[in-house]
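Coordinate analysis (summary)
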Amino acid sequence: MNPLTGLGAATLAALVVTGCALPISVTSYVERGVDLSRYQTFAWGKVDDQPTGDPRLDSNAIFHERVRAEAERRLTRRGFLKVNADADITVRYRIVVVDEIEDSTIDRVTGYCPQNDCAPFVFQSGTLAFVLADARTNRTLWRGWATGTVDGVVNDQKRLEEMVGDVVARVFERLPAHAE
């Protein structure tokens, strides 16, 4: 095999896998019996000091400020008022980045791989999760999270901030309607 042809095929495969393997998946969960209309105010809960799995994010204060600002904006749009004390709801978030492997075994079995070159593809997957809890009881009211690839994003501050805006918006779209 011509090395350039192999490189071209590998590059194309990487682009296809990056584009299709892990689109942003958004999920949420509302605790049974929760009526969010009872809650009017929110404040940030205890900061999660666990590492994200990527030191570039751990030390990126702008990234964390952007996550919080976007979440506050979305909650305010939903009718909640941010306060510094005596909030009805506490908000926390957590970010986890892990290495994932896209195994192309199925491609090998179906004969999809050119020249039987079905090497696994390694990429970074990130999850951003929010939890809203009753401030008095600490009972979880709602969880929302998004998972997707973060390859090529963490090193590009502008793309990272754009992605945060999009991801946070998509997560909070899952928050049940709140009586305003």
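Not measured: the values here are computed from a predicted model. (Residues numbered from 1 in each chain as written. Predicted model: local features only at pLDDT ≥ 70, side-chain atom pairs only at ≥ 80, totals over all residues. Heavy atoms only, no water.)

A few points about empty space enclosed by the protein
Going by this rule: Both site types are read off a 1 Å grid over the protein atoms alone. A 1.4 Å probe that fits but cannot get out defines a cavity, while an open set with protein on both sides within 12 Å along at least five of seven lines defines a pocket; lining residues have an atom within 4 Å of a point. Grid points are joined across faces, edges and corners, and a volume is the space filled by probe spheres set on the points. Here a strand is any run of E in DSSP of at least two residues, a helix any run of H or I of at least four, and the numbering for each starts at the N terminus.
Taken as a whole, this structure holds two cavities of 30 Å³ or more when the rule is applied. Size it by volume and the largest cavity reaches roughly 210 Å³. Around the largest cavity, the lining comprises 17 residues; the ones closest to its centre are Gly126, Leu128, Val150, Met163 and Val167. For the lining of the largest cavity, the elements supplying multiple residues, two or more each, are strand 4 (89–102), strand 5 (121–134), strand 6 (140–149) and helix 5 (157–172). Here the element with the most residues in the lining of the largest cavity is helix 5; it accounts for four residues.

Examining the pairing of strand 2 (residues 41–44)
Counted only if it meets this: Buried residues are those whose accessible area, probed at 1.4 Å on protein chains only, stays under 20% of the maximum for their type, while exposed residues exceed 50% and partly exposed ones sit between those limits. Strands were regarded as paired on the criterion that DSSP finds at least two bridges between them.
Every second residue of strand 2 is oriented toward a common face, with Thr41 and Ala43 on one face and Phe42 and Trp44 on the other, all of them buried. The pairing of strand 2 with strand 3 (residues 81–82) spans two bridges and is classified as parallel. The partner of phenylalanine 42 across the bridge, within strand 3, is lysine 82. Both strand 2 and strand 4 contribute to a ladder of three bridges, which runs parallel. Along strand 4, the bridge assignment pairs tryptophan 44 with valine 91.

Things to note about the layout of surface pockets
Here is the rule: Amino acids outside the nonpolar list (Ala, Val, Leu, Ile, Met, Phe, Trp, Tyr, Cys, Pro) and the charged list (Asp, Glu, Lys, Arg) are all regarded as polar, and Gly is one of them.
Of the pockets and cavities examined, the second largest pocket occupies roughly 230 Å³. Val47, Asp48, Gln50, His64 and Tyr93 are, among the 15 residues lining the second largest pocket, the residues nearest its centre. It is strand 4 that provides the largest number of residues to the lining of the second largest pocket, a total of five residues. Of the residues that constitute the lining of the second largest pocket, the class distribution is five nonpolar, four polar and six charged.

Observations concerning the packing of aromatic side chains
To be explicit about the condition: Put simply, two rings from Phe, Tyr or Trp (the six-membered ring, in Trp's case) pair if the centres are within 6.5 Å, and we call them stacked under 30 degrees between planes, edge-to-face over 60, tilted for the rest.
Evaluated as defined, the whole model comprises four aromatic pairs. Aromatic pair tryptophan 44 and tyrosine 93: ring centres 5.9 Å apart, planes at 80°, arrangement edge-to-face. Placement of tryptophan 44 in strand 2 and of tyrosine 93 in strand 4 is noted, with a sequence separation of 49 residues between them. Given a relative accessible area of 16%, tyrosine 93 falls into the buried group. Between tryptophan 142 and phenylalanine 172, the aromatic rings sit 5.4 Å apart at their centres with planes inclined by 35°, giving tilted as the arrangement. Within this pair, whereas tryptophan 142 is found in strand 6, its partner phenylalanine 172 is found in helix 5, the two being separated by 30 residues in sequence. For the pair formed by tryptophan 142 and phenylalanine 172, the shared burial category is buried.

Focus on the pairing of strand 4
Pairing between strand 4 and strand 5: 14 bridges, direction antiparallel. Its bridge partner being in strand 5, isoleucine 101 is matched across the sheet by valine 122.

Topic: the sheet that holds strand 4
Basically, it comes down to this: Contacts are assigned to residue pairs that have any heavy atoms within 4.5 Å of one another. Only the contacting stretch of a helix is used when fitting its axis, a line to C-alpha atoms as for every element, and angles between N-to-C directions run 0 to 180 degrees.
Taken in spatial order, the six strands line up as 1-6-5-4-2-3 in an open sheet, and their pairing is mixed. Looking along the sheet, the strands with just one partner apiece sit at the ends: strand 1 (25–30) and strand 3. Of the strands in this sheet, strand 1, strand 5 and strand 6 touch helix 5, which is tilted by about 140° from strand 6.

Considering the side chain of glutamate 70
Within the element layout of this structure, glutamate 70 appears in helix 3 (residues 61–77). For glutamate 70, a relative accessible area of 7% corresponds to the buried category. Excluding its chain neighbours within four sequence positions, the residues that come into contact with glutamate 70 are Val164, Gly165 and Val168.

Observations concerning helix 5
Inclusion rule: A helix's residues, less one, multiplied by 1.5 Å, set its expected span.
Taking 1.5 Å per residue as the helical rise, helix 5 with its 16 residues ought to reach 22 Å, and the 22 Å between its terminal C-alpha atoms agrees with that figure. Those residues of helix 5 that fall on the buried side of the exposure criterion are Leu160, Val164, Gly165, Val167, Val168, Ala169, Val171 and Phe172. Those residues of helix 5 that are buried are in contact with strand 1, helix 2 (55–58), helix 3, strand 5 and strand 6.

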